[in-house]
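Secondary and tertiary structure notes
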Amino acid sequence: MAIGVILALMGTACLIQLANIQLINGKTMAQAAAQSRTITVTLKARRGKIMDTNGSILAQSVERYTIIGNPEEAQAFTPTTCTKQTGDNCHQIDGKPVGATGAAAVARLLAPVLDMDATELGAMLSGTGQYAVLKKDVTPAVKRKISKLNLGGIVYAELSNERIYSNGTLMGALLGGVDGEGKGVAGIEQMENKTLTGEDGYQVYQQGNNGVEIPGTMTESKDAVNGSNVTLTIDHDVQWYVEKVLKESCTKYSSPGVAVVQDTQTGDILALADSDEIEAGSDQAKMTVSRAVSETFEPGSIGKVFTMSGMIQLGLHQASDKFTVPDHITTNGQTYSDATTHGDEHWTLAGILEQSSNVGMIIAAEKMSNEQRYEFISKFGIGQDNGLGLPGEADGLLYSADQWDLRTQNTVLFGQAYTTNALQLTNAVAVIANKGVKKPQRIIKAISDAEGHSEEQKPEGEATRVIDEQVASQVMNAMESVSDHYSQFVKVDGYRVAAKSGTAEVAGADGRLSSIISDYSAIIPADNPRFVVTVVLKDPQGVYGGLTAGPVTAEIGEFLMQKYEVPASSPRTDAIPVTW
């Protein structure tokens, strides 16, 4: 009887609890159960592509997966023996039983697919918790193989992206790279990070014991929006060729170098290169700024172009004006010399530029005030932000005239005592090619969103007139004589070239003026300007810009003429005399 009473009481208690669960708290319990099965899954947005001006892909994100393990479930795993009854829903290795249970068994099944050591995997699955990253950047093909292992609820994949760079070291430091979270941290990747970054989406649904979505349980979702694509003005073919030539010159002249190719008509940068070989996206690329962007230097005698332009614009001289030029001069207690020893020469202003005479420039600039000297160097864009926004870009340095000492006021006439970078120098020379107008440069051509809508990007700033057209014409004429002067070493068959070479002493690793910068900037064709090419070499064997950087510039110019099928030049008939 006592036992019967106890059983009756227990039965009554069970009925009361059942009624409580089903009738009173049934809804709450059901919600709690559903909540425990409900998960939020992030849908990763894909980072936008970086492409060259013709649509060739330079950087893109491809579908990849992060493989996740559940250590608690792995440790409770018991393989299912393969029989007729179990069919494909079983576990074996090369047709044989797994031979283990728990984390070791999961590791044995998974290791060959992930190409990992089974012992290492077993250790990762033997920890605590329900989440362990086993491997990142797994391809869709590998993910499909994992799905066939019947390890649902123990091992699963989360969608991610891997950044792929198609051309190895091409534009390596310029493109930069992304960090582990997919954020741009260097180069174009950093500069355009906001544009390239998409917006992640999500899905909220219930999952079963095997980790698979229960059909019909999705309650909320938001699609991922991929990042926009960025199209550069860089031409892949031109960039490749310029880098190739720079590497060859590095061997030939034992000199690292940088180079810029600019379209004079648009201000577009077609190539921005250096001789370094850095893999795009690598750790080195993430920590290194392209030298074509970051390095500054004294332009040397290329600066005489700006001085001559200012003299003529101010009405102080014409390119045909005559001067008697010795090889040295002393003024205000300061002595200046030409690169070579010579007697008194009869040169026009055009001849002074052709012969690259420091002394001649000082004589011709006698009535040019320090403020006027500063004004024209500055007007050409020296020492100023290019407006491209490239990370690590250095502006160079141009002190105001009131900070110049007695020597600086003259050395600025021939490109010393101030610094610039290759981009600035190229655009400054492009002023002559553009008939006296300084156009803003551009490296981002267009941006297209995830839906394919493309918007062309305008360059920062407006075009401004620096010198009159007839002034630019005289300077162009003199620069063509410079090119003719170097024609034995620097020429592009069939095309007229206007150019200026430069050589300057700069501080070396020892802090002294022990290094040499040799540069050469050319407008091609001179009779119908299409491109400006600038090459800068450091400590080359051969020293002078016309003998080292010049031939490299000509090689690039020849490629440009062929690639863009530029018509051959007409003969030169209007050369301003260089002597008298």
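Throughout what follows, the structure given in this document is the object of discussion. Given the structure is predicted, the values throughout are model-derived calculations rather than measurements. (Residues numbered from 1 in each chain as written. Predicted model: local features only at pLDDT ≥ 70, side-chain atom pairs only at ≥ 80, totals over all residues. Heavy atoms only, no water.)

1. A few points about the sheet that holds strand 22 (residues 515-524)
How we decide: At least two DSSP bridges between two strands are required for those strands to pair. Runs of E in the DSSP output that reach at least two residues are strands. Runs of H or I that reach at least four are helices, and both are numbered from the N terminus. Whenever a helix is involved, its axis is fitted only over the stretch in contact; in every case the axis is a line through C-alpha atoms, and angles between N-to-C directions fall within 0 to 180 degrees. Throughout, a contact is declared for two residues whenever any of their heavy atoms are within 4.5 Å.
The five strands lie next to each other as 12-11-23-22-21, forming an open sheet whose pairing is antiparallel. Taken across any chain shown, the strands that pair with only one partner, and hence form the sheet edges, are strand 12 (269-274) and strand 21 (498-506). Across the sheet, the mean angle separating the axes of adjacent strands is 10° when strand polarity is ignored. Across eight bridges, strand 22 lies against strand 23 (residues 531-538) in antiparallel orientation. Residue Ile524 lies in a different strand from strand 23, and its bridge partner there is Phe531. Along the sheet, helix 10 (residues 236-253) contacts strand 11 (257-263), strand 12 and strand 23; its crossing angle with strand 12, the most-contacted strand, is approximately 30°.

2. Points about the environment of Val490
Applicable threshold: Buried, partly exposed and exposed residues are distinguished by accessible area as a fraction of the type maximum, computed with a 1.4 Å probe on protein chains only: under 20%, between the cut-offs, and over 50%, respectively.
One can find Val490 in the loop between helix 19 (469-485) and strand 21. With a relative accessible area of 6%, Val490 lands in the buried category. Residues Val490 and Gly415, spaced 75 residues apart in sequence, show a C-alpha to C-alpha distance of 22 Å. Not counting residues up to four positions away in its chain, the partners in contact with Val490 are Ser483, Tyr520, Gly546, Gly550, Pro551 and Ala554.

3. Some points on the packing of helix 13 (residues 304-313) against helix 19
Selection rule: The scheme is simple: roughly parallel for angles under 35 degrees, roughly antiparallel for over 145, roughly perpendicular for 65 to 115, oblique for anything else. Here a crossing is called left-handed whenever its near helix is offset anticlockwise from the far helix by less than a right angle, and right-handed whenever the offset is clockwise. The classification used treats Ala, Val, Leu, Ile, Met, Phe, Trp, Tyr, Cys and Pro as nonpolar, Asp, Glu, Lys and Arg as charged, and all other residues, Gly among them, as polar.
At a minimum axis distance of 9 Å, the contact between helix 13 and helix 19 shows a crossing angle of 140°. Considering their axes alone, helix 13 and helix 19 lie oblique with respect to each other. The two elements helix 13 and helix 19 meet at a crossing, and its hand is right-handed. Note on element contacts: helix 19 touches helix 13 through Val471, Gln474, Val475, Ala478 and Met479, opposite Val305, Met308, Ser309, Ile312 and Gln313. Classifying every residue of the contact of helix 13 with helix 19 gives seven nonpolar, three polar and no charged.

4. Description of the nonpolar core
Put simply, the rule is: Definition of nonpolar core: a set of buried residues of the types Ala, Val, Leu, Ile, Met, Phe, Trp, Tyr and Cys, connected through side-chain atoms within 4.5 Å.
Among the nonpolar cores identified, the biggest contains 119 residues, and Val261, Leu272, Leu390 and Ile556 are the most heavily contacted of them. Per-element accounting of this core gives the leading share, nine residues, to helix 18 (residues 422-433). For Leu272, the contacting residues outside a window of four places in its chain are Leu174, Ile234, Gln239, Ala259, Val260, Ala292, Val293, Leu390, Leu423 and Ile443. Core analysis: the next-biggest nonpolar cluster, separate from the first, contains 26 residues, Ala103, Ala111, Leu114 and Leu121 among them.

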